[in-house]
Amino acid sequence: MISPSSSLPSVPPQEAAAIEWERKPKTIDANLKDYDAAYREFNWKTVEREFDWSRTGKVNIVHEAIDRHAAGARRDKVALHYTDYAGRDERYTFQDLKVQTSRCASVLQRAGVKKGDRVGTFLPRTPELYIAILGINRIGAIPVPLFEAFMEQAVEDRLGDSEAVVCVTSPALKSRIPLAKLPALKTLILVGASGARAANEISYEQAMAEAPNWVEPEWLTVDDGLIIHYTSGSTGKSKGALHRQYAMVGHYQTSKWALDLRDDEIYWCTADPGWVTGTSYGIYGPWTLGITSVVIGGRFDPDRWFQTIEKYKVTMWYSAPTAYRMLMSAGEAIPKKYNLSSLRHICSVGEPLNPEALKWVKRITGLAPHETWWMTETGMQLICNYRSKDFPIGCTGKPFPGTYATVVDEQGKEVPPHVLGNLVVKPGWPSMMKEIWNNPAKYQEYFRISGWYVSGDTAYKDEHGYIWYQGRADDVIKTAGERVGPFEVESALVAHPAVAEAGVIGKPDEVRGQIIKAFVALRKGFQPSEPLKKEIADFVKTTLAAHAAPREIAFVDKVPKTRSGKIMRRVLRAWDQGLPVGDISTMEE
Ligand code: 6R9
């Protein structure tokens, strides 16, 4: 948070000549032809008409994303291409997904799941994960997707807080689900299980084989639950952002205008459904539009990534700056091996896209990635660059039509161009989270500045109304595009027997945006050493998640805290950068 007493820093207008523009030909054939006209005139009500529920009053995302396509001209259209480059190479039509998600829905019903219940998914990126999420939606239950890299503590926090009653998982991952600590969790549905199973375990394959091909969706209202995504803040454990069915209105229209998806698209969203991008734009957006999606399993591999574009003739690619930078550092020889000429549009999300990475992607593909700014809590893209609109390279973009995002001071007053402030959004856009699960106080914190939704990011606007993201105002870390809360990492660190205290910050990193750095004070009797650093980092990897483990550890005598016991991460950041620590009058003795 920008301190209310300090005068707001101003960001000098860059020399006009120093700003490079991405210019668009007037003739470009985009779904959104005239951003400025749309911004003046667009009304979300017109989008509601795209959904059957606007006529029937019967709401369920699975009807709009799958069943209505399966009942019409898209019945045999491929909805999902999947490969893991290790033996699985599959395709599912909309009709196939109707059958599969029906069967999965029936399996869940037989396991006792009811409308409104939370159901975890804890699976690698496979078709079963997509089928499970929509199977859960079909019966009006609420999916809680868990990223496959989560270890026991992360799994316990999320399944515990959401009180999930069932979790769809695999034999390999189930050992990370601490059933004894999760009283609400009654049943595990195991994908790929063979042999004996415990009484509370169901074989996915067996149960699917016995299930009927059709289960009518549970009819809901637009206010009923769609999904809960857990995400991190600067304090406390992860929090569950609950979205409602109405979010589909936002997913649909942003997929149309920002991702520019059209009917003949071969669309590749590289995000995992464990994170919000992987569901809003890996499932709900593209499939409500009836688009063909590509999903690949397995680990990140530059060669495979470019191969995927060639193999499926991908036309639209939605990925993240860290991925672009990793591809860049793997060298230009790799993309040169593949035919990338099918691509016609590229977007980026999760962290700021630096001009160097943007230009590299453009050199390789002929296309500049377009920024999309949004958050788990916003459910949909809110500030974007558009395929038909010129933009200054390096900016975050302009508010999506029908939304209002701006930059304000601590009183909620909009600041003049080039003055740094809080990036805020006027509440009321279609995909805004409905609540923070079990935590109304946390939800209210988002609206602390006179009725604005406060993103926690800082930004400025330029004289043309483009918004330029500048950083986080709080201690939330974005590492390789993944959002990590320092408190979760600190809690994992202090569980190690050698660690007395720990403070965690995001340290700037050329490839990953930020890396996690931990300052650790050891307990009496432990000596600082390189092997101990590794042991502590590995401990976080195995208890919390690999991406949440510190890549750097510094041993300190004491972690700086305020007299009320809050870790002074500002001081840690100054230590890290070798800068003066500033005012430490509130520091404990
Ligand atoms: C979708 C997603 C949200 C935070 C957000 C901001 C950062 C996202 C960005 C961006 C600069 C962009 N962020 N998109 N920063 N430019 N285009 O990433 O959600 O994981 O909740 O993270 O990510 O800091 O506040 P989530």
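The structure presented is a predicted model; accordingly, all values stated were derived computationally and were not measured.

### Some points on the pairing of strand 27 (residues 513–522)
Turning to step 1, where the next piece is worked out: Extensive coverage of strand 27 is indicated by the burial of eight of its ten residues.
Turning to step 2, where the next piece is worked out: Where strand 26 (residues 499–509) and strand 27 come together, ten bridges link them in antiparallel fashion. Looking at strand 27, one finds that Val504 is bridged to Ala518.
Turning to step 3, where the next piece is worked out: Taken together, strand 26 and the strand that follows it, strand 27, pair antiparallel across an intervening segment of three residues.

### Regarding the nonpolar core
Turning to step 1, where the next piece is worked out: Counting 96 residues, the largest nonpolar core has Leu108, Tyr267, Trp287 and Tyr318 as its most contacted members.
Turning to step 2, where the next piece is worked out: In terms of residue count, the dominant contributor to this core is helix 6 (residues 127–138) (seven residues).
Turning to step 3, where the next piece is worked out: Non-local contacts of Leu108, meaning those with residues more than four positions away in its chain, are made with Val113, Val119, Gly135, Ile136, Ile139, Val166, Val168 and Ile189.
Turning to step 4, where the next piece is worked out: In this structure, Leu188, Val499, Ile516 and Ala518 belong to the second largest nonpolar core, which totals 45 residues.

### What to know about the side chain of Glu488
Turning to step 1, where the next piece is worked out: Looking at the secondary structure, you find Glu488 in helix 16 (residues 486–494).
Turning to step 2, where the next piece is worked out: Filtering out sequence-adjacent residues up to four positions away, Glu488 remains in contact with Asp157, Arg158, Ser232, Lys237, Ser238 and Leu544.

### Topic: the site of the ligand
Turning to step 1, where the next piece is worked out: Taken together, 18 residues form the shell around the ligand, and within it Glu371, Thr372, Thr376, Lys478 and Arg483 come nearest.
Turning to step 2, where the next piece is worked out: Glu351 places a main-chain nitrogen or oxygen 3.4 Å from a nitrogen atom of the ligand.
Turning to step 3, where the next piece is worked out: Taking 530 Å² as the accessible area of the ligand by itself, protein coverage stands at 96%.
Turning to step 4, where the next piece is worked out: Sorting elements by how many residues they give to the shell around the ligand places strand 15 (residues 370–373) first, with three residues.
Turning to step 5, where the next piece is worked out: Here the residues of the shell around the ligand are counted per class, giving seven nonpolar, five polar and six charged.

### Things to note about unusual backbone geometry
Turning to step 1, where the next piece is worked out: Even without a glycine there, the phi angle at Tyr85 is positive, about 55°.
Turning to step 2, where the next piece is worked out: Tracing the backbone shows Tyr85 in the loop between strand 2 (78–83) and strand 3 (89–93).
Turning to step 3, where the next piece is worked out: Residue Asp260 is not a glycine yet carries a positive backbone phi of 60°.
Turning to step 4, where the next piece is worked out: Its place among the elements puts Asp260 in the loop between helix 9 (247–257) and strand 11 (266–269).

### Quick look at the sheet that holds strand 5 (residues 142–146)
Adjacent strands of a sheet pair through backbone hydrogen bonds, lying either parallel or antiparallel.
Turning to step 1, where the next piece is worked out: Pairing is parallel in the open sheet, where five strands are placed in the order 5-4-6-7-8. Looking at strand neighbours, the two that pair on one side only are strand 5 and strand 8 (201–203), the edges of this open sheet. Mean inter-strand twist for the sheet, computed between neighbouring axes without regard to direction, equals 25°.
Turning to step 2, where the next piece is worked out: Here strand 4 (residues 118–122) pairs with strand 6 (residues 166–169) via four bridges, running parallel. Pairing of Gly120 across the sheet is with Cys167, part of strand 6.

### A closer look at empty space enclosed by the protein
Turning to step 1, where the next piece is worked out: Tallying each qualifying case throughout the model produces one cavity of 30 Å³ or more.
Turning to step 2, where the next piece is worked out: Considering only enclosed or pocket space, the largest cavity measures out at about 30 Å³ in volume.
Turning to step 3, where the next piece is worked out: Leu353, Leu358, Pro369, Glu371, Asn385, Phe391, Gly394 and Cys395 together form the lining of the largest cavity.
Turning to step 4, where the next piece is worked out: Split into classes, the residues belonging to the lining of the largest cavity amount to five nonpolar, two polar and one charged.

### Describing the sheet that holds strand 21 (residues 435–436)
Turning to step 1, where the next piece is worked out: Across the sheet, which stays open at both edges, the three strands sit in the order 9-10-21 with antiparallel pairing between neighbours. The two strands at the open ends of the sheet, each matched to only one other strand, are strand 9 (225–231) and strand 21.
Turning to step 2, where the next piece is worked out: Bridging between strand 10 (residues 239–244) and strand 21 involves two bridges; their strand directions are antiparallel. Note that in strand 21 the partner of Ala241 across the bridge is Ile436.

### Quick look at the state of the cysteines
Turning to step 1, where the next piece is worked out: Within this structure, the stated rule accounts for zero disulfides.
Turning to step 2, where the next piece is worked out: Free of any disulfide, Cys104 has its nearest neighbouring cysteine sulfur in Cys167, separated by 12 Å.
Turning to step 3, where the next piece is worked out: A relative accessible area of 3% means that Cys104 is categorised as buried.
Turning to step 4, where the next piece is worked out: Cysteine Cys347 is unpaired, with the sulfur of Cys384 as its nearest cysteine sulfur at 7.4 Å.
Turning to step 5, where the next piece is worked out: According to the relative accessible area criterion, Cys347 is buried, its value standing at 0%.

### Regarding the pairing of strand 10
Turning to step 1, where the next piece is worked out: Most of strand 10 is tucked away, with five of its six residues classed as buried.
Turning to step 2, where the next piece is worked out: With six bridges joining them, strand 9 and strand 10 adopt antiparallel strand pairing. Looking at strand 10, one finds that Thr231 is bridged to Lys239.

### Observations regarding helix 18 (residues 569–577)
Turning to step 1, where the next piece is worked out: Along helix 18, the residues that are buried comprise Arg569, Val571, Leu572, Ala574 and Asp576.
Turning to step 2, where the next piece is worked out: For helix 18, the elements touching its buried residues are helix 16, strand 26, strand 27 and strand 28 (552–555).

### Overview of helix 12 (residues 321–329)
Given 3.6 residues to a turn, an α-helix orients residues that are three or four positions apart in the same direction.
Turning to step 1, where the next piece is worked out: With seven of its nine residues buried, helix 12 lies for the most part within the structure.
Turning to step 2, where the next piece is worked out: Among the residues making up helix 12, those that are buried are Pro321, Thr322, Ala323, Tyr324, Arg325, Leu327 and Met328.

### Looking at the domain arrangement of the chain
Turning to step 1, where the next piece is worked out: The domain architecture assigned to the chain consists of domain 1 (47–299) and domain 2 (476–577).
Turning to step 2, where the next piece is worked out: Between the C-alpha centres of domain 1 and domain 2 the distance comes to 33 Å.
Turning to step 3, where the next piece is worked out: Counting from both sides, the interface comprises 19 residues of domain 1 and, opposite them, 16 residues of domain 2.
Turning to step 4, where the next piece is worked out: The contact between domain 1 and domain 2 buries some 1300 Å² in all, and 54% of this surface belongs to carbon and sulfur atoms.
Turning to step 5, where the next piece is worked out: Seen at the junction of domain 1 and domain 2, the total is one salt bridge.
Turning to step 6, where the next piece is worked out: When the shortest N-O distance is used, the salt bridge between Glu488 and Arg158 registers 3.3 Å.
Turning to step 7, where the next piece is worked out: For the pair domain 1 and domain 2, the interface holds nine residue pairs in polar contact (both at pLDDT 80 or more).

The rules behind the values
- Residues numbered from 1 in each chain as written.
- Predicted model: local features only at pLDDT ≥ 70, side-chain atom pairs only at ≥ 80, totals over all residues.
- Heavy atoms only, no water.
- Buried < 20%, exposed > 50% of the residue type's maximum accessible area, 1.4 Å probe, protein only.
- Helix = DSSP H or I, 4+ residues; strand = E, 2+ residues; numbered from the N terminus.
- Pairing = 2+ DSSP bridges.
- Core = buried A, V, L, I, M, F, W, Y, C linked by side-chain atoms within 4.5 Å.
- Contact = heavy atoms within 4.5 Å.
- Near = heavy atom within 4 Å.
- Polar contact = N/O pair within 3.5 Å; in protein donor to acceptor, adjacent residues only side chain to side chain.
- Areas by Shrake-Rupley, 256 points an atom, 1.4 Å probe, with all protein chains shown as cover.
- Nonpolar A, V, L, I, M, F, W, Y, C, P; charged D, E, K, R; others polar.
- Axes fitted to C-alpha atoms, helices over the stretch in contact; angles between N-to-C directions.
- 1 Å grid on protein atoms, 1.4 Å probe; cavity = no way out; pocket = protein on both sides within 12 Å on 5 of 7 lines; lining within 4 Å.
- Points joined across faces, edges and corners; volume = space filled by probe spheres on them.
- Disulfide = S-S within 2.5 Å.
- Domains from an automatic or database assignment.
- Buried area = accessible area lost by both parts, 1.4 Å probe.
- Salt bridge = Lys/Arg side-chain N within 4 Å of Asp/Glu carboxyl O.

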